[in-house]
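# Examination of the molecular architecture
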Amino acid sequence: MKNLKIKKTTLFLLLVLSITMLCSCNDNSKPVSTDTTPFVINVDGKEITVENPANDTIKQLFKKANIKINDGDVISVDTDSVVSQGIVVNVLRKCKVTVKDEINNTECTVILIGATVKDAIAAAGVELPDNYSVNQKLNAALENEMEIIISEKAEPETTTEEADEDTYENNDDNDDNQHYTPSVTRPTVTKPATTRPAVTTPPVTTPPTTKPPVPTTSGRTIVNIEIYEDCDGSGHGVKVITYSDGTQEEVPF
């Protein structure tokens, strides 16, 4: 009887041990973190703060946040891991971009990971001159199929209007945005026509013709001629001729 009890006890212990080992072998659950400190995801030039109370994996969090991961992108942590310890997750994009150098008439396509516009220009072997313009900010993160155009900087026109607020211009040589020229269509400024006053030519005044004195047959001679011009400035008037016999004659002109 005693041996039978020992056998039953041993069988019961073996059964419990077998059930425990079977449960341990079938437990494939992911490790659960109790730390809910927010962590940061750096992607596409943005900094996204994330909390993970449900202890989702990085891949699941990307899906919830609509963050698409493309082939060739590099992620600083394992996407199958559960992260909630206040770390920073960096997503480095693999981008194919085209660099067009209109100054030297060249074009180059480069593929970079986690780079900026300035990195792409350097990778294309383009040396930026002093007077240049770029259609993208030099410190902007690359985007797939981005087109970077480098051109000669146009001389600014002298106008009395204020500068456009979208123009990135300053005197800081260390600012990567100082040569960034956005594609903005400016309105054409029409200058009003200048009306000049008509030039009036003054009339030509012909000096009055002096008529010679009428010859006389009576033997009298002209002793004096007095000219009286009209007050209106017309150049006309009356000549008063005095003869030797004392007579006078008025001749209009």
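Look above for the structure.
Reading the values: rules and limits
Residues numbered from 1 in each chain as written. Predicted model: local features only at pLDDT ≥ 70, side-chain atom pairs only at ≥ 80, totals over all residues. Heavy atoms only, no water. Helix = DSSP H or I, 4+ residues; strand = E, 2+ residues; numbered from the N terminus. Buried < 20%, exposed > 50% of the residue type's maximum accessible area, 1.4 Å probe, protein only. Contact = heavy atoms within 4.5 Å. Pairing = 2+ DSSP bridges. Core = buried A, V, L, I, M, F, W, Y, C linked by side-chain atoms within 4.5 Å. 1 Å grid on protein atoms, 1.4 Å probe; cavity = no way out; pocket = protein on both sides within 12 Å on 5 of 7 lines; lining within 4 Å. Points joined across faces, edges and corners; volume = space filled by probe spheres on them. Nonpolar A, V, L, I, M, F, W, Y, C, P; charged D, E, K, R; others polar. Axes fitted to C-alpha atoms, helices over the stretch in contact; angles between N-to-C directions. Polar contact = N/O pair within 3.5 Å; in protein donor to acceptor, adjacent residues only side chain to side chain. Salt bridge = Lys/Arg side-chain N within 4 Å of Asp/Glu carboxyl O.

### Notes on the overall build of the protein
Each helix and strand in the protein was counted, giving three helices and eleven strands. Tracing the protein from N to C terminus, the helices and strands come up as α-β-β-α-β-β-β-β-α-β-β-β-β-β. Looking at the 253 residues of the protein, the share that counts as buried comes to 22%. Contacts in the protein between residues at least 24 apart in sequence constitute 42% of all its contacts with a sequence separation of at least 6.

### Some words on the sheet that holds strand 3 (residues 74–75)
Reading across the sheet, the four strands line up as 2-1-4-3 and stay open at both edges, with mixed pairing between neighbours. Unpaired on one side and paired on the other, strand 2 (46–50) and strand 3 mark the two borders of the sheet. Two elements, strand 1 (residues 39–43) and strand 4 (residues 88–92), share three bridges in a ladder whose sense is parallel. Note that in strand 4 the partner of Val40 across the bridge is Val88.

### Regarding the nonpolar core
Ranked by size, the top nonpolar core spans 18 residues in total, and within it Val97, Val99, Val117, Ala120, Ile121, Leu142 and Ile148 carry the most contacts. Among the elements of the structure, strand 5 (94–101), strand 6 (106–113), helix 3 (117–123), strand 7 (132–134) and strand 8 (147–152) are those that each provide at least two residues to this core. Dropping the residues within four chain positions of it, Val97 is found in contact with Cys108, Thr109, Val110, Ala120, Leu142, Glu143 and Met146. Ile41, Val50, Ile58 and Val83 belong to the second-largest nonpolar core, a separate cluster that totals twelve residues.

### Quick notes on the environment of Glu47
For Glu47, the position within the fold is in strand 2. For Glu47, a relative accessible area of 63% translates into the label exposed. Spatially, the C-alpha atoms of Glu47 and Val88 are 9.5 Å apart, while their sequence positions differ by 41 residues. Contact partners of Glu47, with chain neighbours within four places excluded, come to Val40, Ile41 and Asn42.

### Concerning the layout of surface pockets
Roughly 270 Å³ of internal volume is contained in the second largest pocket. What lines the second largest pocket is a set of 15 residues, among which Arg93, Cys95, Leu142, Glu143 and Asn144 lie closest to the centre. Each residue belonging to the lining of the second largest pocket can be placed in one class, and the counts come to five nonpolar, three polar and seven charged.

### Brief notes about the sheet that holds strand 6
What the four strands build is an open sheet, ordered 6-5-8-7; its pairing is mixed. Taken across any chain shown, the strands that pair with only one partner, and hence form the sheet edges, are strand 6 and strand 7. Direction aside, neighbouring strands of the sheet carry axes that sit 20° apart on average. Relative to strand 8, strand 7 runs antiparallel, the two sharing three bridges.

### Some words on the side chain of Asn52
Residue position: Asn52 is located in the loop between strand 2 and helix 2 (58–64). By relative accessible area, which is 1% here, Asn52 ends up buried. Within the structure, the side chain of Asn52 is placed 2.8 Å from the backbone nitrogen of Asp56, a separation counted as a polar contact.

### A short note on the pattern of salt bridges
Taken as a whole, this structure holds five salt bridges when the rule is applied. Linking Arg93 and Asp44 is a salt bridge whose minimum nitrogen-to-oxygen distance equals 2.9 Å. Here Arg93, found in the loop between strand 4 and strand 5, pairs with Asp44, found in the loop between strand 1 and strand 2; they are 49 residues apart in sequence, far enough to count as distant. What makes Arg93 buried here is its relative accessible area of 13%. A relative accessible area of 44% places Asp44 in the partly exposed class. For Lys59, the salt bridge goes to Asp80, with nearest N and O atoms at 3.4 Å. Remark: Asp80 occurs in the loop between strand 3 and strand 4 and Lys59 occurs in helix 2; sequence separation between them is 21 residues.

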